[in-house]
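Working through the structure, step by step
So the chains spell out like this:
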Amino acid sequence: MASDFISVIKPGDPSSRDGGNGHTLPILPVRDTVLFPHAVLPLTVGRESSIQLINSLGEEKSIVVVAQRDARMDAPQPQDLHAYGTLATVHKVVKMPNQSLFVFTEGTERVKLGEFSQIEPFMVASVDTVPEVIPPKDPEVEAMQRNVVTQFQQIVSASPTLSDELQTIAMNIDEPGRLVDFIASSLPFLATADKQELLETPDVAARLERINKHLAKELEVQQLRNKIQSEVQDQVQQSQRDYYLREQMKAIQKELGEMDEGQKDIEELRQKIEAAGMPEETKKEALKELTRLGRMSPMAADYGLTRNYIEWLAVLPWSKSSGAAVDINKAREILDEDHYDLKKVKDRILDFLSVRRLKADMKGPILCFVGPPGVGKTSLGRSIARALSREFRRISLGGMHDEAELRGHRRTYIGALPGQIIQSLRRAGANDPVFMLDEVDKLGRDFRGDPASALLEILDPEQNNTFRDNYLDQPFDLSKVLFICTANVLDTVPEPLRDRMEIIELQGYTEEEKRHIAFRYLIPRQIKENGIAADNIEFPDESIGYIVRHYTREAGVRKLEQQIGTICRKQARRIAEGKTDKLVVTKEVIQEFLGGIKVRVDTEIAERTKRAGVAVGLAWTPAGGDILFIEANRMKGKGGFTMTGQIGEVMQESMQAALTWVRSNAKSLGLEEDLLKDTDLHIHVPAGAIPKDGPSAGVTMATALVSLLTDRPVHPLTAMTGEITLSGNVLPVGGIKEKFLAAKRAGVKQVILPAENRQNVEEDLMPEQIEGVKLHFASRIEDVLAVALPRSTAEERHDEELREEVLQHTA
């Protein structure tokens, strides 16, 4: 195996010896080594066959040194050797303690291997001398030779491992072929394959060109390495220089009695901590972190994290309040100014303010406004904050999946921050703002946690005085915050969370209330937002009623405001086009701007109740109340009963109960006792695509069946609700206000309610809301039928006239 070596040119020129042309000589295979002519190479011989070869040499000390194709082979065969090698003379052999030999060889000339005459114990083969193709002395070869020498000198100068004597030797070599061989043998970075390629190239000009490329490549690599080394060294020197300068600056500032920027920051943070008014334990922790920060280098990885944490602790409103003494009368004026009606909500807020005046340290209530969209839940929170003279902050919980959004992340995470609660408190700058937690019924839940469970602590007055955010890890008192949640439905809110909140229901508005709201709030706002003056447009009272009745079907007023905004935009466009005359919004203008009538509820009831077997029920929906048509029909059959309309199990059971009551009371209703003997019945609840369930349509189904079987159409503009029992009792139902308002919006003139719901009517509905509608309270299904169905031919004729009048009036 070859060792590292430094090539040396012997003073005598051995190239004058007779070459190995046609001679048979022993072959010495070597690994990862190429011996060039005129170079002395020390070789370590350790293989048994190679040791025998060296020991067998007599007076003739000539051998052929050939590189193996694969250095990993221990016993190479002739095909495992390169075809070209170097004829060499063995000058000295030294025995080593490990039985290997240290052989000094000198290359003389290039040879090509011929046939092998011996393989064991070592290889012997005939060799032929490879003559060099020497180019003529012309400027191109001389320029190439000089370039090679120059590049070699630069490489030697820049390399710490190469001797400077090599430059002198290279400059003293005149023959280009010998120069290339010397340089190739002297360069440690040249790969064995590249050296073998140079050895196998007899054309000196081609060898010069190849070595020139290798030298140019190595020179470029060296320059890049030096550049990188220089940059690294410059950076190290710069950082050391900065360090020394900082130390000197500290020493100078110390002598002058001044503080550096870092110390100023620490002192400012200390003053903020002292002024924050935080609890003693929290203050102790903050000062401990501040002391730790003072000992840290600004370049440390944790410096920014620790500083951010201390700043969060220092800027939170631990003891700063925004609410001052509140004038109850002024608060009532503000609430009335911002919102129409909503008496229950306003009374609850004024009650809270009154208690607050008597007991300043009372805990804030946890209110939950539940109602359909567009009734003013979110804007009511803003109005409450204004009435209390407090900061208002809103957090939307809709679609929130990660509880860390509320509680924050632990400081160990990169980019960790406190949760929305603490962040909103910082923005508010006070510890007693009004917090609006919007859409609490739309909270998500997945593998990242359950935000609804995190709210259990936040919304509990007994626990939230020590609310611990994951980032701060210090207790913060939330008991002074007035939390207001909003929801459309309570079904999706977990029971423990619902139990912590005081539920205040906001029902929908009547047509009259919507008119008041439109004239007091919606029209002035839309006129302002669309850039037109109040004297450019006029909304008569009947026009607003027309829009409410025929272009919106909602419990709130959001859609109504959109329609008013559309009309205002059309007027803005007219003004922009040069038509500056005042626009009076009539029915014709409304139909031109908003298109044809979208809702025909008042005529729909009159039209559909023309035939027997159709009754109008009342339903509760998340968007408020709505009317519900129940249609029954009969055909020849064998007593079958079909129920359709995507109805739930409870509603199907109500239909069965209604049918059972009708069959059991057939005689008293003037029907045959075996009325279903040759008849099939079918009850359908439009619209078929909307899921429906609940027991409150029981009386409506019974009325529809009796109307069908007695062939008496139900009175026009009559609606009803109530649960039915098999014995014919009418049980109370929920959502009375929403259902009644839906009936009034639809133009109903008579509403039949369970007798036990009378109290709900008295509490939830004001006299002006009931005005124009006649209420009937029923405790038995017979009471319902007495009101809903005509009892004489004269009544039937009157009903028909009333229907025609309604249809003609709206036409």
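Given the structure is predicted, the values throughout are model-derived calculations rather than measurements.

Another aspect to go through is the nonpolar core. In terms of nonpolar packing, the biggest core is built from 53 residues, with Leu-353, Phe-369, Ile-384, Ile-537, Phe-539, Ile-564 and Ile-567 touching the most fellow members. No other element matches the 6 residues that helix α17 (residues 511-529) contributes to this core. Leaving out residues up to four positions away in the same chain, Ile-564 has contacts with Ala-518, Leu-522, Ile-523, Gln-526, Phe-539 and Ile-544. Counting 50 residues, the second largest nonpolar core, distinct from the first, contains Trp-312, Met-400, Leu-425 and Cys-485.

Two quantities define a packed helix pair, namely the angle between the helix axes and the distance between the axes. Packing of α17 against helix α18 (residues 541-551) brings their axes to within 10 Å, and their N-to-C directions diverge by 115°. Taken as axis vectors, α17 and α18 run roughly perpendicular relative to one another. Taken as a pair, α17 and α18 cross one another with a handedness that is right-handed. Between α17, through Glu-511, Lys-514, Arg-515, Ala-518, Phe-519 and Ile-523, and α18, the contact on the second element is made entirely by Asp-541, Ile-544, Gly-545, Val-548 and Arg-549. Of the residues belonging to the contact of α17 with α18, the class tally is 5 nonpolar, 1 polar and 5 charged.

The subject of this paragraph is the environment of Ala-666. Mapping Ala-666 onto the fold places it in the loop between α22 (649-664) and β19 (679-684). Linking Ala-666 and Leu-709, residues 43 residues apart in sequence, is a C-alpha distance of 9.6 Å.

Our next topic: the pattern of salt bridges. Evaluation of the coordinates by the stated rule reveals 30 salt bridges. Across the salt bridge formed by Asp-581 and Arg-574, the nearest N and O atoms sit 3.5 Å from each other. A relative accessible area of 43% places Asp-581 in the partly exposed class. Relative accessible area serves as the criterion here: at 18%, Arg-574 is assigned to the buried category. By sharing partners, the salt bridges in this structure join Arg-110, Glu-132, Asp-181 and Arg-207 into a single network.

Where like charges cluster on the molecular surface, the negative patch consists of Glu-672, Glu-673, Asp-674 and Asp-678. By relative accessible area, Asp-674 is classed as partly exposed at 43%.

With that out of the way, let us pick up unusual backbone geometry. Residues Glu-120 and Pro-121 are joined by a peptide bond in cis, for which omega reads -5°. Within the secondary structure, Pro-121 is located in the loop between β5 (101-118) and β6 (124-129). In this model, Asp-32 sits at a positive phi of 50°, which is unusual for a non-glycine residue. Asp-32 sits in the exposed class, given a relative accessible area of 55%. Of note in this structure, Leu-717 is not a glycine but carries a positive phi near 55°. By the secondary structure assignment, Leu-717 is in the loop between α23 (698-710) and β20 (718-720). For Leu-717, a relative accessible area of 6% gives the class buried.

Glancing now at the side chain of Asn-757. Relative to the helices and strands, Asn-757 is located in the loop between β23 (750-754) and α25 (758-764). Residue Asn-757 is classed as buried on the basis of its relative accessible area, which comes to 2%. Here Asn-760 takes part through its side chain, which lies 3.0 Å from a polar atom of the side chain of Asn-757. Excluding its chain neighbours within four sequence positions, the residues that come into contact with Asn-757 are Pro-732, Val-733, Ile-736 and Phe-777.

Before going further, it helps to spend a moment on the packing of aromatic side chains. What the rule picks out here adds up to 6 aromatic pairs. Taken together, a centroid distance of 4.9 Å and an interplanar angle of 45° make the contact between Trp-318 and Phe-476 tilted. Of this pair, Trp-318 sits in the loop between α9 (303-315) and α10 (328-338) while Phe-476 sits in strand β11 (residues 475-476), placing them 158 residues apart in sequence. Across from the ring centre of Tyr-309, 3.7 Å away, lies the NZ or CZ of Arg-411, which sits over that ring. Note that Arg-426 overlies the ring of Trp-312, its terminal NZ or CZ placed 4.4 Å from the centroid.

The rules we used
Residues numbered from 1 in each chain as written. Predicted model: local features only at pLDDT ≥ 70, side-chain atom pairs only at ≥ 80, totals over all residues. Heavy atoms only, no water. Core = buried A, V, L, I, M, F, W, Y, C linked by side-chain atoms within 4.5 Å. Buried < 20%, exposed > 50% of the residue type's maximum accessible area, 1.4 Å probe, protein only. Helix = DSSP H or I, 4+ residues; strand = E, 2+ residues; numbered from the N terminus. Contact = heavy atoms within 4.5 Å. Axes fitted to C-alpha atoms, helices over the stretch in contact; angles between N-to-C directions. Parallel < 35°, antiparallel > 145°, perpendicular 65-115°, else oblique. Left-handed = near helix turned anticlockwise from the far one by under 90°. Nonpolar A, V, L, I, M, F, W, Y, C, P; charged D, E, K, R; others polar. Salt bridge = Lys/Arg side-chain N within 4 Å of Asp/Glu carboxyl O. Patch = residues over 30% accessible without salt bridge, like charges linked within 9 Å, V, L, I, M, F, W, Y side chains within 5 Å. Areas by Shrake-Rupley, 256 points an atom, 1.4 Å probe, with all protein chains shown as cover. Lys, Arg positive; Asp, Glu negative; His and termini not counted. Charge placed at Lys NZ, Arg CZ, Asp CG, Glu CD. Polar contact = N/O pair within 3.5 Å; in protein donor to acceptor, adjacent residues only side chain to side chain. Phe/Tyr/Trp six-rings, centres within 6.5 Å; stacked < 30°, edge-to-face > 60°. Lys NZ or Arg CZ within 6 Å of the ring centre and 35° of its normal.

Read these as geometric descriptors, not functional statements.
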